[in-house]
Amino acid sequence: YINCKDCKSEDSAVWTIASKVADAADVELELPKRGITTKAKYDRLFELVGGNFDCMVIILDELDRLKGRNRNRQQPHAYSDLLYNLTRATDIADLDHQITTAVLTNDGDSLIDGIDTRAKSSFTPRRVLFDDYDATQLRSILEKREDAFRDGAVSDDVIPLTAAHAAQGEGDARKAI
C-alpha cells in the first residue's frame, strides 16, 4: 500500500513500493533513493517480488494525484507509466509471479482519461463504488473522534447536527470531521 499523494514522480513511487515490498519480505532494500534510473528501481522491485512472494497485490491510493514533474501536455501522467509497468510486470520482468494492482481514487473518470493507450490495454479497472455515509454512520464516526477535543468543548448537540448536515451533502466523513 502506498498513498500516491506523497510521491512526486513515478521514480519516487517505484522506490516507495520497492521499499515496502522489501519490508514485507524482511530483506534489505539495497536500492538508493536517488542516483539510479527508474528502470533499475523497477528491476529491483520485480526481483524482490519474484524472490520472496508467490503473488503481490499493490494498492495505490489517490493514484490520480501522481501527475509527475516536468511533464508537458503531450506526455501521459506519471501514473500512466506506473500502471503500464505494474500491469505488465510478468512480461517485462519475466516473472512467474502475479502482481495485481488495486487503485483507489475519488475521481475515477479523470484517472481513466489520464491513462495513455499503452497502459489502458493492460489496465482493466473494475469499479467498486461505495455509498455515501448516512447520518447514523457519520454520527458513529464522529463520536469515535470526540476524544480529540477537550472535555466540554463539544456540546451534546454538535455531533448529531454535524452528522445530519454532512449526510445531506455528500456523506463524506472527512468533511464531517
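Structure first, text after, so check above.
Residues numbered from 1 in each chain as written. Predicted model: local features only at pLDDT ≥ 70, side-chain atom pairs only at ≥ 80, totals over all residues. Heavy atoms only, no water.

Peer 1: I'm lost on the environment of Y84 in this one. Help?
Peer 2: Tracing the chain through its elements places Y84 in helix α3 (residues 78-87). A sequence separation of 29 residues divides Y84 from C55, and the C-alpha atoms of the two residues are 18 Å apart. Dropping the residues within four chain positions of it, Y84 is found in contact with I92, R118, A119 and S122. (Helix = DSSP H or I, 4+ residues; strand = E, 2+ residues; numbered from the N terminus. Contact = heavy atoms within 4.5 Å.)

Peer 1: Explain the environment of F46 here, please?
Peer 2: With respect to the helices and strands, F46 occurs in helix α2 (residues 38-52). Its relative accessible area of 3% is what places F46 among the buried residues. Distance from F46 to A18, taken between C-alpha atoms, is 8.3 Å for residues 28 residues apart in sequence. Apart from the residues within four sequence positions on either side, F46 is in contact with N85, L86, A89, I92, A93, L95 and I99. (Buried < 20%, exposed > 50% of the residue type's maximum accessible area, 1.4 Å probe, protein only.)

Peer 1: Explain α3 here, please?
Peer 2: Since one α-helical turn is 3.6 residues long, residues separated by three or four positions face the same way. For α3, the buried fraction is high: nine of the ten residues fall into the buried class. For α3, every residue scored as buried is listed here: A78, Y79, S80, D81, L82, L83, Y84, N85 and L86.

Peer 1: What should I look at first to understand the pattern of salt bridges in this one?
Peer 2: For the structure on display, the rule yields twelve salt bridges. Among the ionic pairs, R65 bridges to E62, the shortest N-O distance being 3.2 Å. Here R139 makes a salt bridge to E143, at a shortest N to O gap of 3.3 Å. Of the two residues, R139 and E143 are both situated in helix α7 (residues 135-144); the distance of four residues between them amounts to about one turn of the helix. Take R139: its relative accessible area is 39%, and that puts it in the partly exposed class. A residue is classified by how much of its surface remains accessible, and E143, at 41% relative accessible area, is partly exposed. Among the charged side chains, a network of salt bridges with common partners joins E30, R44 and E47. (Salt bridge = Lys/Arg side-chain N within 4 Å of Asp/Glu carboxyl O.)

These figures capture arrangement, not role.
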